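Architecture and fold: a report
What follows is the residue order along each chain.
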Amino acid sequence: MTDPKESITIENVVASTGIGQELDLESVAMDLVGADYDPEQFPGLVYRTQDPKSAALIFRSGKIVCTGAKSTDDVHESLAIVFDELRDLSIQVEDDPEITVQNIVSSADLGRTLNLNAIAIGLGLESIEYEPEQFPGLVYRLDDPEVVALLFGSGKLVITGGKQVEDAKEAVDVISNRLEELGLLE
Amino acid sequence: RLRKWQERIRTKDAGERNLQFALSETDRMASALAIPRSVREVACVMYRRALDENLIRGRSIEGVATSTLYAACRMEGIPRSLEEVAAVSRVDRKEIGRTYRYVAQELSLKMEPVNPKKYVPRFCSELELSEEVQGKANEIIDTTTEKGLLSGKSPTGYAAAAIYASSLLCNEKKTQREVADVAQVTEVTIRNRYQEQIEAMGIHH
DNA sequence: ACGTTACTTTCAAAAGC
DNA sequence: GCTTTAAAAAGTAACGT
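Here we summarise the structure given alongside this text. (Residues numbered from 1 in each chain as written. Chains lettered and ligands numbered in written order. Predicted model: local features only at pLDDT ≥ 70, side-chain atom pairs only at ≥ 80, totals over all residues. Heavy atoms only, no water.)

**Quick word on the overall build of chain A**
Scanning chain A for helices and strands turns up 4 helices and 9 strands. Helices and strands in chain A line up, N terminus first, as β-α-β-β-β-α-β-α-β-β-β-β-α. Whereas a compact globule of 186 residues would reach a radius of gyration of roughly 16 Å, chain A reaches 20 Å, over 25% beyond that. Overall size of chain A, expressed as C-alpha extent along the three principal axes, is 60 × 35 × 25 Å. (Helix = DSSP H or I, 4+ residues; strand = E, 2+ residues; numbered from the N terminus. Rg over C-alpha atoms; globule rule 2.2 N^0.38 Å.)

Listed below in structure tokens is the structure:
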């Protein structure tokens, strides 16, 4: 029996940062190749990096959101590219702006199919949300770690809402143990 | 003071009017869906509860009224799908679904997932299928559910496939289109569920 | 009856309506 | 609450061929 924790894959990391400088997005949009800026639709300018792949949302305030990266290292690499692009536009950027991870999305596999109906009742109808007419996944909110897990009939799951890489491992442990003690695994 | 007094009367009147509107809308939708009086009353009681607990704030009256009607049907064992209630509501399916989830959470309604069997009598009678077909469809649902086929699947599509399969088995064939129309799912969904179900039942056709 | 694309759910940040 | 970004899970739907 392989440990489900070994199956954990980070799918997306969202982080925020700032260059400590106000920006004129109109001119940045003109000079930055590949920038998408439509202030009527959204106040942020969208800039995509290719390697590592990510999307950066750049705001007038100089604050930046980076999403789509597959690891925290990739977030730093992507943002380093964004910072350099801005410097090339002769915009002052702090030497190493503080980068805060805001959310990590992971996927994992329990290695067994799940009876979501039984799990819904076993975990308590008041603590879960399972509406297969609307979505095939069962929504399970954990207190510790404070994350949200989506459980599927295949045994695969998605863990989101965590700010640390360890949160997903703890969540998989908590979920595996709960299902095990309720006799709902296999 | 007088102004405050008038305001109270005004808001009270407005509240009364809103409540009356919600109850008449519930009645209108329930009639359109041929939902029994007893279930309408459950829906109205639920709406009043939602009102008392200020769950309407930030939401439309019609959205909450539709959601409580949907919830009441499920609670009373004669579910209507979101597609069906959305067809008689001026609120779209997505909004009804999210409002229902919110109301169910806030009112601590311990709602179990809908058993596809609950749709069998109504869908079969609309298709003029016999008791035999209904029994066989229920049997397919029970057996395949025990084998774990139901997880994550929509109850209406699941019921539709079982009905389609049993109509074949009982020589009262209905086309996938006919079943899909009454269940408000696509033929693709019926085909997919049907294949899984007959395989799990060990039926060859 | 395929295949492709797209929508449902969860999460967080950003600025502004 | 909404707008935008990205990503996974699995089911369902709506296209075109």
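Picking up after the structure, the text goes on.
**Looking at the pattern of salt bridges**
For the structure on display, the rule yields 22 salt bridges over all chains. Arg101 of chain B serves as the salt-bridge partner of Glu129 of chain A, at 3.1 Å between the closest nitrogen and oxygen. In this pair, Glu129 of chain A is assigned in strand 6 (residues 128-129) and Arg101 of chain B in helix 5 (residues 93-106), connecting two distinct chains. A salt bridge links Lys117 of chain B to Asp142 of chain B; the nearest nitrogen and oxygen atoms lie 2.9 Å apart. Taken together, the residues span a long stretch of sequence, with Lys117 of chain B in the loop between helix 5 and helix 6 (120-126) and Asp142 of chain B in helix 7 (residues 131-146) at a distance of 25 residues. Residue classification places Lys117 of chain B among the partly exposed positions, given a relative accessible area of 26%. By sharing partners, the salt bridges in this structure join Glu25, Arg28, Glu62 and Arg90 of chain B into a single network. (Salt bridge = Lys/Arg side-chain N within 4 Å of Asp/Glu carboxyl O. Buried < 20%, exposed > 50% of the residue type's maximum accessible area, 1.4 Å probe, protein only.)

**Overview of unusual backbone geometry**
Along the chain, Asp51 of chain A connects to Pro52 of chain A via a cis peptide bond; the corresponding omega equals 0°. With respect to the helices and strands, the residue Pro52 of chain A is situated in the loop between strand 2 (45-49) and strand 3 (54-58). Residue Asp144 of chain A is joined to Pro145 of chain A through a cis peptide bond whose omega torsion reads 0°. Mapped onto the elements, Pro145 of chain A comes out in the loop between strand 7 (138-141) and strand 8 (148-151). Here the phi dihedral of Asn171 of chain B falls at roughly 55°; this positive angle occurs in a residue that is not glycine. Position of Asn171 of chain B relative to the elements: it lies in the loop between helix 8 (155-169) and helix 9 (176-183). Look at Asn171 of chain B and you get exposed, because its relative accessible area is 73%.

**Let's talk about the packing of aromatic side chains**
Residues and elements named next belong to chain B. Applying the stated criterion across every chain, the model contains 5 aromatic pairs over all chains. Judged by centre distance (4.9 Å) and plane angle (80°), the ring pair of Tyr70 and Tyr100 falls under edge-to-face. Note that Tyr70 is positioned in helix 3 (residues 61-75) and Tyr100 in helix 5, a separation of 30 residues in sequence. Take Tyr70: its relative accessible area is 0%, and that puts it in the buried class. The ring of Tyr102 is capped by Arg59, whose NZ or CZ atom sits 3.6 Å from the centre of that ring. (Phe/Tyr/Trp six-rings, centres within 6.5 Å; stacked < 30°, edge-to-face > 60°. Lys NZ or Arg CZ within 6 Å of the ring centre and 35° of its normal.)

**Considerations on the protein's contact with DNA strand C**
Of all residues adjacent to DNA strand C, which total 21 residues, the nearest are Pro43, Ser61, Asn103, Phe135 and Arg141 of chain A. Protein-proximal atoms of DNA strand C, defined as those within 4 Å of the protein, fall in sugar or phosphate at a share of 66%. Ser61 of chain A has a polar side-chain atom sitting 2.6 Å from a phosphate oxygen of DNA strand C. With respect to DNA strand C, the side chain of Lys94 of chain B contributes an N or O atom lying 2.9 Å from a phosphate oxygen. For the surface near DNA strand C, the leading source of residues is strand 5 (residues 100-109) of chain A, giving 3 residues. Across the surface near DNA strand C, the residue classes break down as 10 nonpolar, 5 polar and 6 charged. (Near = heavy atom within 4 Å. Polar contact = N/O pair within 3.5 Å; in protein donor to acceptor, adjacent residues only side chain to side chain. Nonpolar A, V, L, I, M, F, W, Y, C, P; charged D, E, K, R; others polar.)

**Observations concerning empty space enclosed by the protein**
Scanning the model with the defined rule gives 2 cavities of 30 Å³ or more in all. Of all the secondary structure elements, the ones that give two or more residues to the lining of the largest cavity are strand 6 of chain A together with helix 5 of chain B. Among the elements that line the lining of the largest cavity, the one with the most residues is helix 5 of chain B, at 4 residues. Of the residues contributing to the lining of the largest cavity, the split by class is 9 nonpolar, 2 polar and 5 charged. In this structure, the second largest cavity occupies an estimated 40 Å³ of space. (1 Å grid on protein atoms, 1.4 Å probe; cavity = no way out; pocket = protein on both sides within 12 Å on 5 of 7 lines; lining within 4 Å. Points joined across faces, edges and corners; volume = space filled by probe spheres on them.)

**A closer look at the protein's contact with DNA strand D**
Near DNA strand D lie 29 residues; those nearest to it are Arg48 and Ser154 of chain A together with Arg98, Thr189 and Arg193 of chain B. Here the atoms of DNA strand D within 4 Å of the protein split so that 74% fall in sugar or phosphate, with bases taking the remainder. One of the side-chain N or O atoms of Ser154 of chain A is found 2.3 Å from a phosphate oxygen in DNA strand D. Thr189 of chain B has a polar side-chain atom sitting 2.6 Å from a phosphate oxygen of DNA strand D.

**Things to note about helix 9 of chain B**
Residue and element names in this part refer to chain B. Considered for burial, the residues of helix 9 that qualify are Gln176, Val179, Ala180, Val182 and Ala183. The arc that holds every buried residue of helix 9, seen down its axis, measures 170°, which confines them to one face. Buried-residue contacts for helix 9 involve helix 6, helix 8 and helix 10 (187-201). In the segment just after helix 9, Gln184 is the residue with positive phi, at about 55°. (Arc of directions from axis to C-beta. Contact = heavy atoms within 4.5 Å.)

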